[in-house]
Amino acid sequence: MALPKIDTPVYDITLPLSGKIVKFRPFLVKEQKNLMMALEADDSDTIEKNIKQVLINCTINDDVDFDNLPIVDIEYYFLNLRARSIGEVVDLKYKCNNEVEGRECGNIMETSLNLLETKVEKKDGDNVIQLTNDIYIKLNYPKFRSVKQVADINDMTELALNMIVDSIEYIYDGEQYYYANEVAKHELISFIESLNHSQFSKIEEFFDDLPKLNKTL
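As for the overall build of the protein
(1) Moving on: Secondary structure summary: the protein contains seven helices and twelve strands in total.
(2) Moving on: Dimensions of the protein, computed from the C-alpha atoms along their principal axes, are close to 70 × 65 × 30 Å.
(3) Moving on: Expressed as a percentage of the 217 residues in the protein, the buried residues total 30%.
(4) Moving on: Contacts spanning at least 24 positions in sequence make up 61% of the contacts within the protein whose residues lie at least 6 apart.
(5) Moving on: Of the roughly 14300 Å² of accessible surface on the protein, a fraction of 48% belongs to carbon and sulfur atoms.
(6) Moving on: Averaging the coordinates of the 24 positive side-chain charges in the protein and doing the same for the 39 negative ones gives two points 8 Å apart.

A few points about helix H7 (residues 197-208)
(1) Moving on: Along its twelve residues, H7 runs 16 Å from first to last C-alpha, staying within 8% of the 16 Å computed at 1.5 Å per residue.
(2) Moving on: By the N-cap criterion, in which a side-chain oxygen at the helix start approaches the backbone nitrogen of a residue two or three places on, H7 is capped by Asn-196, the distance to Ser-198 being 3.1 Å.

A short note on the layout of surface pockets
(1) Moving on: Empty space within the largest pocket amounts to approximately 290 Å³.
(2) Moving on: Residue lining of the largest pocket: Lys-122, Lys-123, Asp-124, Gly-125, Asp-126, Asn-127, Ile-129, Tyr-141, Lys-202, Glu-205, Phe-206 and Asp-209, and that is the complete set.
(3) Moving on: Considering every element that reaches the lining of the largest pocket, the biggest residue donor is H7, with three residues.
(4) Moving on: In the lining of the largest pocket, the residues fall into three nonpolar, two polar and seven charged.
(5) Moving on: For the second largest pocket, the calculated volume is near 230 Å³.

Some details on the packing of aromatic side chains
The description of an aromatic ring pair uses the distance of the two centres, along with the angle that the planes make with each other.
(1) Moving on: For the structure on display, the rule yields nine aromatic pairs.
(2) Moving on: Among the aromatic residues, those joined into a ring-pair cluster are Tyr-11, Phe-24, Phe-66 and Tyr-77.

Let's talk about the pattern of salt bridges
(1) Moving on: Inspection of the entire model under this criterion finds nine salt bridges.
(2) Moving on: A salt bridge links Lys-215 to Glu-117; the shortest N-O distance between them is 3.9 Å. Placement of Lys-215 in the segment after strand S12 (212-214) and of Glu-117 in the loop between strand S6 (108-114) and strand S7 (119-121) is noted, with a sequence separation of 98 residues between them.
(3) Moving on: The class for Lys-215 is partly exposed, based on a relative accessible area of 32%.
(4) Moving on: Classification of Glu-117 by relative accessible area gives partly exposed; the value is 42%.

Cut-off values and rules
- Numbers given to residues run from 1 along each chain, matching the order in which its sequence is written.
- The predicted nature of this model means local features are confined to residues of pLDDT at least 70 and side-chain atom pairs, given and counted, to a pLDDT of 80 or more, with totals for whole chains, interfaces and linings taken over all residues.
- Excluded from the side-chain calculations are hydrogens and water; all other atoms, namely the structure's heavy atoms, are used.
- The numbering of helices and of strands both runs from the N terminus, where a helix is a DSSP run of H or I of at least 4 residues and a strand a run of E of at least 2.
- Accessible area is worked out with a 1.4 Å probe on protein chains only. A residue is then buried under 20% of its type maximum, exposed over 50%, and partly exposed in between.
- Contacts between residues were defined by any pair of non-hydrogen atoms, one from each residue, lying within 4.5 Å.
- Using a 1.4 Å probe, accessible areas were evaluated by the Shrake-Rupley method; residue-level cover was limited to the displayed protein chains.
- The charge count treats Lys and Arg as positive and Asp and Glu as negative. His and the chain ends do not count.
- For the purpose of locating charges, the reference atoms are NZ of Lys, CZ of Arg, CG of Asp and CD of Glu.
- How far a helix is expected to stretch is found by multiplying one less than its residue total by 1.5 Å.
- Polar contacts here mean pairs of N or O atoms no more than 3.5 Å apart (in protein, one a potential hydrogen donor and the other a potential acceptor; neighbouring residues in sequence count only if both atoms are side-chain atoms).
- A cavity here means a set of 1 Å grid points, computed over protein atoms only, where a 1.4 Å probe fits but cannot escape. A pocket is an open set with protein on both sides within 12 Å along at least 5 of 7 lines, and lining residues have an atom within 4 Å of a point.
- Grid points are joined across faces, edges and corners, and a volume is the space filled by probe spheres set on the points.
- We call Asp, Glu, Lys and Arg charged. Ala, Val, Leu, Ile, Met, Phe, Trp, Tyr, Cys and Pro are nonpolar, and the rest, Gly among them, are polar.
- Any Phe, Tyr or Trp ring, taking Trp's six-membered ring, that has another such ring centre within 6.5 Å forms a pair; planes under 30 degrees apart are called stacked, those over 60 apart edge-to-face, and the others tilted.
- Here, a salt bridge means any Lys or Arg side-chain nitrogen found within 4 Å of an Asp or Glu carboxyl oxygen.

Following this line, the structure appears as structure tokens:
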């Protein structure tokens, strides 16, 4: 005699940056077990692989390319998946740092957070950056694949260069578009290294203002 099957609800969300509509089911005990094992391993590569596998398992539509989704889309999706799987409300405690009579309060405050109320904070700005009178560069938001590509890089300068290069869509010189997927990586790195301080600061500003998950309590 076959055991009864438990129906699993299906939800859908629109990812805030890519606009991709994703249908998903909550993760089950088997997926939660894999996540816990990954966290206990304390290895970024293992955690990244397990998070990706859980997302693949729980996603109903098969046209979602996780590697090329912006990292914030992945974070937003995973937060919603967690809320639908375990619970929407999380009880939190935080230390009050308001000053009272010249001293930090220090009281432990209790509050609760509804994960589904967490939104992506996105600043106004253009991802096409003018470097000179003629040269422009278009940057995309860092993709989930970048997590894997930079995971083993310890040098901060090299890590930053790799993140920037992986985010380039094209470079335009006033006459021709040079698309990053058609240019060797070492050429892109050389181009970034050839920028002066003022030009590179414009790129740094783009990354400083990347969208992020935010909820004010």
